[in-house]
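The residues making up each chain are set out below.
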Amino acid sequence: MLKQKLKKDKPKPRIIRLFPKEFIWGGATSAYQIEGAYNEDGKGESLWDFYANHLQIIKDGATGNIAIDHYHRYRDDVRMMKGLGLKAYRFSISWTRILPSGIGPVNEKGIEFYQNLITELLAAGIEPIPTLYHWDYPKALADQSGWLNRKSPEWFAEYAKVCFQAFGDRVRTWITLNEPWVDAFASIYWLQKPTVDTMTRAVQIAHHQILGHCRAIAAFRELVPDGKIGIALSMIPSYRATDSKADKAAAIRYDQFVNQWFLEAVFRGTYPREMLEFYRKKLSAPMILPGDLELMKSHFVDFIGVNYYTRNIIKASQAEPIMELEEVERPDLSWPHSGEIYPQGLLDILVRINRDYQQPDILITENGAGFYDESIVHGQIDDYRRIDFLKQHIKVVHKALKKGIKVRGYLVWSIFDNLEWVFGFEPRFGIIYVDFQTLNRTWKQSAFWYQKLIRTNELIK
Ligand code: GCO
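I will try to describe carefully the structure that is included in this document.

### Digging into the site of the ligand
Around the ligand, the structure places Gln33, His134, Trp135, Asn178, Glu179, Asn307, Tyr309, Glu366, Trp413, Glu420, Trp421 and Phe429. Within the side chain of glutamine 33, one N or O atom sits 2.6 Å away from an oxygen atom of the ligand. Between the ligand and glutamate 366 there is a distance of 2.7 Å, counted from an oxygen atom to a side-chain nitrogen or oxygen. Here the ligand loses 92% of its free accessible area of 310 Å² to cover by the protein chains.

Below, the structure written as structure tokens:
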């Protein structure tokens, strides 16, 4: 009896996971999703400006014209980041703020905005980590077939050079592209339809993006010789639905389609052979010209950015005759927005990258959860579901560190609620709540939680 009572009163042991002193806690955003000021100070039109304003492809006709007005509020926003204790901030540079037509004349006002932002960040002790391209492609170049144009890698490198020259003396860590797979392929599902034609184009676009990435790295080595550069890839580990041979093959192919294609390109300068054959048979793409593979083989990343949200469960299917691409079994997608909560998938991906590509430096460049039903109640936003999500994934990061995997940092997506592409302003991903009418910012409970995690450097469960 007494024994039992004692047992009951005993506080549960607290499991404390300590992170290395130099671990980089941070947050991420992207230009189109937060900046607004879509036509101010000489900024040129981007494809997303065009989609939103002329094609109304975003839910409820929403646009990024104002977004969360970060362009005018960046000082306050950085102050909040400082309050959170962030060590790093990943943002993206709007290509058409710098080069309104994509190539050609530089817009000094655009340069000035990012100089000011970088100054604020450095003064706040926050490392700036810019992404050069987070999907807001210059409309003027899109009119010349965009990434489909054989010149597009060169265009991207020209823009990258301008950025390296302008900011390279103060910015050490860079990211070339955000999620080329999503940009090239997922956008087909959002904006068009998968057909032989659209898929053929997507494969070619993905190839040109990789070439652009390599050319940017080439320029980087010259202009910012002591900096580090990487790419942010959407990693979606794929698991077979059953043990059948067909499902197994389908899961492997899906993995090559989404993950391995890009991993091989940036680490080994090549593409997975089977996938290449598959594409060639179905689509007669990609067209790889002499010199392309040589370029890919001479410019590798210094680190890999992993964007992780969820996994896919794959079963073989006749459902999509175009690609005979596998069917993705999606669990309830309504909660959270980003899919099933599956932290093990993050560990699996980290273990695999570590094993297959000589233990590279890894930065978690995005991880987070979006919800549709958050609101302020009595001045508070109790987003316990997000806290739980973050805890589960950060726990996995700690596990990876214990295995010796070189995860250098973790950037939560996102610091602020923002414009979630075609889904508009409905799903909220921020640890800071934004009232989209007044644009007021309010810390959610997850922000307080994250602040404490950063301050103590320990995850307590
Ligand atoms: C991404 C996108 C982000 C999204 C986030 C949530 O890189 O996947 O860059 O812009 O907002 O992923 O879906």
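### Points about the layout of surface pockets
In this approach, a probe sized like a water molecule rolls over the atoms, and the result shows the empty space that is left. There is about 530 Å³ of room inside the second largest pocket. Around the second largest pocket sit 25 residues that line it, and Leu47, Tyr51, Asp183, Ser187 and Ile205 are the ones nearest its centre. Those elements giving two or more residues to the lining of the second largest pocket turn out to be helix 3 (47-55), helix 9 (180-191) and helix 10 (196-223). Tallying contributions element by element places helix 9 first for the lining of the second largest pocket, with 7 residues. Class assignment of the residues belonging to the lining of the second largest pocket gives a composition of 18 nonpolar, 5 polar and 2 charged.

### Quick word on a nonpolar patch on the surface
Taken together, Tyr189, Trp190, Tyr372 and Phe423 make up a surface patch of nonpolar side chains, about 370 Å² in accessible area. Along the polypeptide, tyrosine 189 turns up in helix 9.

### Focus on the pattern of salt bridges
Summed over the entire model, instances satisfying the criterion amount to 27 salt bridges. Measuring nitrogen to oxygen at the nearest pair gives 2.4 Å for the salt bridge that ties aspartate 226 to arginine 172. Taken together, the positions of aspartate 226 in the loop between helix 10 and strand 6 (228-234) and arginine 172 in the loop between helix 8 (152-167) and strand 5 (173-178) put the pair 54 residues apart, joining distant regions of the chain. Arginine 386 is the salt-bridge partner of aspartate 383, the closest N and O atoms lying 2.8 Å from each other. Relative accessible area serves as the criterion here: at 3%, aspartate 383 is assigned to the buried category. With a relative accessible area of 1%, arginine 386 lands in the buried category.

### What to know about the packing of aromatic side chains
Here the structure, examined in full by the defined rule, presents 41 aromatic pairs. Aromatic pair tryptophan 95 and tyrosine 159: ring centres 4.6 Å apart, planes at 5 degrees, arrangement stacked. Of this pair, tryptophan 95 sits in helix 5 (residues 95-98) while tyrosine 159 sits in helix 8, and the two are 64 residues apart along the sequence. Its relative accessible area of 0% is what places tryptophan 95 among the buried residues. By relative accessible area, tyrosine 159 is classed as buried at 0%. Members of the aromatic cluster, connected to one another through ring pairs, are Tyr71, Tyr74, Tyr89, Phe91, Phe113, Tyr114 and Phe167. Lying across the ring of tyrosine 239, arginine 311 places its NZ or CZ 5.3 Å from the centre.

### What about the sheet that holds strand 4 (residues 127-133)?
On the basis of which strands lie adjacent, the closed barrel formed by 8 strands has the order 2-3-4-5-6-8-11-12 and parallel pairing. The mean angle between the axes of side-by-side strands here comes to 25 degrees, regardless of whether they run parallel or antiparallel. Relative to strand 5, strand 4 runs parallel, the two being bridged by 2 bridges. In the sheet register, tyrosine 133 faces strand 5, and the bridge partner there is leucine 177. Lying over the sheet, helix 6 (residues 108-123) contacts strand 3 (88-92) and strand 4, oriented at roughly 170 degrees with respect to strand 3. Across the sheet, helix 15 (residues 384-402) lies against strand 2 (24-28), strand 11 (361-366) and strand 12 (407-413), angled at about 170 degrees from strand 12, the strand it touches most.

### Some points on unusual backbone geometry
At the junction of alanine 285 and proline 286, the peptide bond is cis and its omega measures out at 0 degrees in the coordinates. Omega for the peptide link from tryptophan 413 to serine 414 comes to 5 degrees, which places this bond in the cis form. Counting through the fold element by element, serine 414 comes out in the loop between strand 12 and strand 13 (432-434). One non-glycine residue, aspartate 69, lies in positive phi territory at about 60 degrees. Among the structural elements, aspartate 69 can be located in the loop between helix 3 and helix 4 (70-84). The class for aspartate 69 is buried, based on a relative accessible area of 12%. Of note, the phi angle at serine 284 is positive, near 45 degrees, even though the residue is not glycine.

About the criteria used
- Residues numbered from 1 in each chain as written.
- Predicted model: local features only at pLDDT ≥ 70, side-chain atom pairs only at ≥ 80, totals over all residues.
- Heavy atoms only, no water.
- Near = heavy atom within 4 Å.
- Polar contact = N/O pair within 3.5 Å; in protein donor to acceptor, adjacent residues only side chain to side chain.
- Areas by Shrake-Rupley, 256 points an atom, 1.4 Å probe, with all protein chains shown as cover.
- 1 Å grid on protein atoms, 1.4 Å probe; cavity = no way out; pocket = protein on both sides within 12 Å on 5 of 7 lines; lining within 4 Å.
- Points joined across faces, edges and corners; volume = space filled by probe spheres on them.
- Helix = DSSP H or I, 4+ residues; strand = E, 2+ residues; numbered from the N terminus.
- Nonpolar A, V, L, I, M, F, W, Y, C, P; charged D, E, K, R; others polar.
- Patch = residues over 30% accessible without salt bridge, like charges linked within 9 Å, V, L, I, M, F, W, Y side chains within 5 Å.
- Salt bridge = Lys/Arg side-chain N within 4 Å of Asp/Glu carboxyl O.
- Buried < 20%, exposed > 50% of the residue type's maximum accessible area, 1.4 Å probe, protein only.
- Phe/Tyr/Trp six-rings, centres within 6.5 Å; stacked < 30°, edge-to-face > 60°.
- Lys NZ or Arg CZ within 6 Å of the ring centre and 35° of its normal.
- Pairing = 2+ DSSP bridges.
- Axes fitted to C-alpha atoms, helices over the stretch in contact; angles between N-to-C directions.
- Contact = heavy atoms within 4.5 Å.

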